[in-house]
Protein chains: 2
Amino acid sequence: MATLTVPEHVPSPVEDAEQLRKAFQGWGTDDKTVIAILAHRNSTQRKHIQEAYEELYKESLTKRLESELNGDYEKAVYRWMFNPIEREAVLANIALKKSVDSPVIIEIACINSPADLLVVKQAYQALYKHSLEEDLAARTSGDLRKLLTGLVGTYRYNGDEIDVKLAQSEALILHEAIKRKTYNHEDIIRILTTRSKAQLNATFNRYKDEHAMTITKALSADSANEFVSALYVTIKCIVSPLKYYEKLLRNALNKSDDDSLTRVIVTRAEKDLNEIKELYLKRTNTTLEQSISKKESGHYRSFILALLGN
Amino acid sequence: MATLTVPEHVPSPVEDAEQLRKAFQGWGTDDKTVIAILAHRNSTQRKHIQEAYEELYKESLTKRLESELNGDYEKAVYRWMFNPIEREAVLANIALKKSVDSPVIIEIACINSPADLLVVKQAYQALYKHSLEEDLAARTSGDLRKLLTGLVGTYRYNGDEIDVKLAQSEALILHEAIKRKTYNHEDIIRILTTRSKAQLNATFNRYKDEHAMTITKALSADSANEFVSALYVTIKCIVSPLKYYEKLLRNALNKSDDDSLTRVIVTRAEKDLNEIKELYLKRTNTTLEQSISKKESGHYRSFILALLGN
């Protein structure tokens with residue numbers, strides 16, 4: 001369930017655009033209004049506001065927001081303004097700058113359904129005139145390249161059918177390779193990058209049943225290794241994306257990693273952030289809102305809390 | 001241009017189905033009628049005939065054809081009866097049996113547009129409840145696996161934009177790797193599997209301009225090597241599919257490789273077999289029909305020649 005709250009009576013896009021324009025005028029920005037509007041409109045409504053704003057004032061709302069706001073607050077609002085598909089394409093592109101941010105690529109490749117991943121790849125091409133695959137391959141190397149290009153490239157089968165014998169044999173292959181610490185074994189990469197999510201879940205369950213330990217637990221011994229960590233994230237994103245996000249939020253708040261905090265809140269607020277919040281509460285005995293209030297400040301905090309439904 | 005010829009006045013699907021039924025009855029099969037009908041109907045018409053036949057006689061036309069015909073003739077008719085997308089999915093699946101038939105996989109991955117490749121992969125999943133990627137990865141290994149899964153997996157950018165500097169730098173990377181005979185260099189695989197076709201053509205042209213030799217010529221020194229041969233086929237399929245098919249036909253006729261002969265004729269008869277025929281005539285001073293008449297015989301020959309427009 002989403003955390004985004006939209007007022008019962010939403011003003012017209014033109015009214016919203018006019019309010020925003022007023023908020024930008026004069027000394028400083030009326031951030032309360034900006035947040036009250038933008039953090040309480042869904043993707044379609046935001047799109048209509050952008051269109052109305054551009055029509056009325058002959059300037060891009062996003063560009064104007066960029067010049068009005070700053071820091072993490074600006075970044076968060078900027079990302080929020082995209083439609084969900086384009087946002088993932090943009091996040092993928094940002095993740096490929098400088099040192100590659102593998103978790104972002106893995107999230108996009110593994111949490112989306114195969115059909116949604118395809119649409120993100122199409123949006124990426126429309127924006128950058130390149131395929132996500134070629135940019136990713138050009139900016140990575142070695143085992144990590146094999147893993148990431150495989151995850152992004154494969155159009156996974158999305159059915160529920162499970163081959164029990166295959167789960168058994170591939171759980172064994174994974175176990176043998178992990179036992180020998182040959183984490184880059186080509187079969188590990190092959191299995192993780194090509195099998196359907198249903199099949200992988202069956203394989204991981206089999207692994208746990210046979211070896212009295214989850215595969216992620218087995219990998220966590222060497223999680224300092226970048227490649228092993230990428231395998232770990234891959235499996236988490238396939239098996240339990242909500243738990244993955246909950247942990248990501250926890251780590252982000254502990255390490256003041258506002259980029260990750262923003263990413264989870266902005267990308268999930270219209271999807272399943274409510275379930276993630278519940279997991280967070282269970283795990284930490286604190287509400288996500290309380291933690292954010294304690295760690296963050298200013299308009300960034302207000303905006304993020306607004307997306308959480310406050 | 002297609003070579004398939006369809007009569008000006010096509011009988012109704014029911015009439016065609018009735019004629020076929022008659023052709024199957026009594027001693028033996030009236031192959032002349034079978035060929036006269038099936039080799040002169042387009043994909044949609046064949047589909048309607050199949051539907052009408054099944055409706056009238058409560059049996060599958062394809063299954064009946066399998067039991068009536070045999071050998072290469074049966075195989076050719078069987079393949080012809082599929083719609084083009086499903087046919088490629090079936091051909092891919094057959095190519096993965098026993099020892100993997102890489103050229104078939106490469107043709108499907110590289111000659112189709114990115115959008116058509118995607119549709120073939122969707123058809124594959126619908127038929128086999130697996131992804132093409134996972135079956136391919138499970139049945140290959142090493143460098144060939146990297147190449148083939150990359151070719152099938154990547155959703156290539158399909159635009160015409162070319163980055164001239166990139167073509168220059170990647171032509172150099174390819175040249176260095178080929179000069180050192182490190183054909184499995186990860187950059188060779190990366191470039192061939194991820195760049196857009198337009199970009200690759202620019203890169204190969206640059207290669208030729210710089211080194212006074214085409215990249216395929218440079219590779220042909222080691223074409224006995226299975227992996228090098230796969231690289232060669234990849235480049236040919238990207239750069240000049242028609243010439244690739246022409247050569248495939250020539251080799252198939254020389255080596256009595258009826259599987260390949262059937263594949264080219266059946267898959268291209270509704271597309272561009274006419275251009276391929278013209279290239280064949282230019283190259284050999286013999287018409288494709290003459291060569292087939294000389295090398296082949298029986299109903300197989302009649303059927304294949306009918307698809308060529310005779």
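Residues numbered from 1 in each chain as written. Chains lettered and ligands numbered in written order. Predicted model: local features only at pLDDT ≥ 70, side-chain atom pairs only at ≥ 80, totals over all residues. Heavy atoms only, no water.

Looking at an unreviewed UniProt entry, one finds chain A named Annexin protein, with Dioscorea alata as its source organism.

Draft legend 1. Structural view of the overall build of chain A. If you tally the helices and strands in chain A, you get 20 helices and zero strands. For a compact globule of 310 residues, the expected C-alpha radius of gyration is about 19 Å, and chain A comes in at 21 Å, within 12% of that figure. Taken along the three principal axes of its C-alpha coordinates, chain A extends 65 × 45 × 35 Å. For chain A, the proportion of its 310 residues judged to be buried stands at 53%. By sequence separation, contacts in chain A at least 24 residues apart represent 70% of the contacts at least 6 residues apart. Of the roughly 13900 Å² that chain A leaves accessible, carbon and sulfur atoms contribute 50%. Side-chain charges of chain A comprise 44 positive and 44 negative groups, with the mean position of each set lying 5 Å from the other. (Helix = DSSP H or I, 4+ residues; strand = E, 2+ residues; numbered from the N terminus. Rg over C-alpha atoms; globule rule 2.2 N^0.38 Å. Buried < 20%, exposed > 50% of the residue type's maximum accessible area, 1.4 Å probe, protein only. Contact = heavy atoms within 4.5 Å. Areas by Shrake-Rupley, 256 points an atom, 1.4 Å probe, with all protein chains shown as cover. Lys, Arg positive; Asp, Glu negative; His and termini not counted. Charge placed at Lys NZ, Arg CZ, Asp CG, Glu CD.)

Draft legend 2. Summary view of the interface of chain B and chain A. Between chain B and chain A, the contact holds 28 residues from the first and 28 residues from the second. Both sides of the chain B and chain A interface together cover about 2400 Å² of buried area, and 52% of this is carbon and sulfur. Together, Glu134, Tyr155 and Tyr157 of chain B form the three largest contributors to the area buried by chain B at its contact with chain A, with a combined 26%. One can count six salt bridges joining chain B with chain A. Notably, a salt bridge pairs Arg145 of chain B with Glu186 of chain A, separated by 2.8 Å at the nearest N-O pair. Linking chain B with chain A are 14 residue pairs in polar contact (both at pLDDT 80 or more), by the criterion used here. Elements with a contribution of two residues or more to the side of chain B that touches chain A: helix H8 (114–128), helix H9 (132–138), helix H10 (142–153) and helix H12 (186–194) of chain B. When the residues that make up the side of chain B that touches chain A are grouped by side-chain class, the tally is five nonpolar, 11 polar and 12 charged. (Buried area = accessible area lost by both parts, 1.4 Å probe. Salt bridge = Lys/Arg side-chain N within 4 Å of Asp/Glu carboxyl O. Polar contact = N/O pair within 3.5 Å; in protein donor to acceptor, adjacent residues only side chain to side chain. Nonpolar A, V, L, I, M, F, W, Y, C, P; charged D, E, K, R; others polar.)

Draft legend 3. Up close: the side chain of Asn112 of chain A. All names here are of chain A. Along the polypeptide, Asn112 turns up in the loop between helix H7 (102–111) and helix H8 (114–128). Within the structure, Asn112 has its side chain in polar contact with the side chain of Glu88 (distance 2.8 Å). Beyond its immediate sequence surroundings of up to four residues, Asn112 is in contact with Glu88, Glu107, Leu117, Val120 and Lys197.

Draft legend 4. Region of the structure containing the packing of aromatic side chains. All names here are of chain A. Counted by the stated rule, this structure contains 12 aromatic pairs over all chains. Ring geometry for Phe24 versus Tyr53: centroids 6.1 Å apart, planes at 70 degrees, classification edge-to-face. Of this pair, Phe24 sits in helix H1 (residues 13–24) while Tyr53 sits in helix H3 (residues 43–57), placing them 29 residues apart in sequence. A residue is classified by how much of its surface remains accessible, and Tyr53, at 0% relative accessible area, is buried. Directly above the ring of Trp80 sits Arg46, whose terminal nitrogen or CZ lies 3.7 Å from the centroid. (Phe/Tyr/Trp six-rings, centres within 6.5 Å; stacked < 30°, edge-to-face > 60°. Lys NZ or Arg CZ within 6 Å of the ring centre and 35° of its normal.)

Draft legend 5. Spotlight on the domain arrangement of chain A. Along its sequence, chain A is organised into domain 1 (13–69), domain 2 (84–153), domain 3 (164–239) and domain 4 (241–300). Using only C-alpha atoms to locate each centre, domain 1 of chain A and domain 3 of chain A end up separated by 47 Å. (Domains from an automatic or database assignment.)

Draft legend 6. Summary view of the environment of Ala177 of chain B. All names here are of chain B. In this fold, Ala177 is placed in helix H11 (residues 164–179). Sequence separation between Ala177 and Ile188 is 11 residues, and the spatial gap between their C-alpha atoms is 7.5 Å. Not counting residues up to four positions away in its chain, the partners in contact with Ala177 are Thr182, Tyr183, His185 and Ile188.

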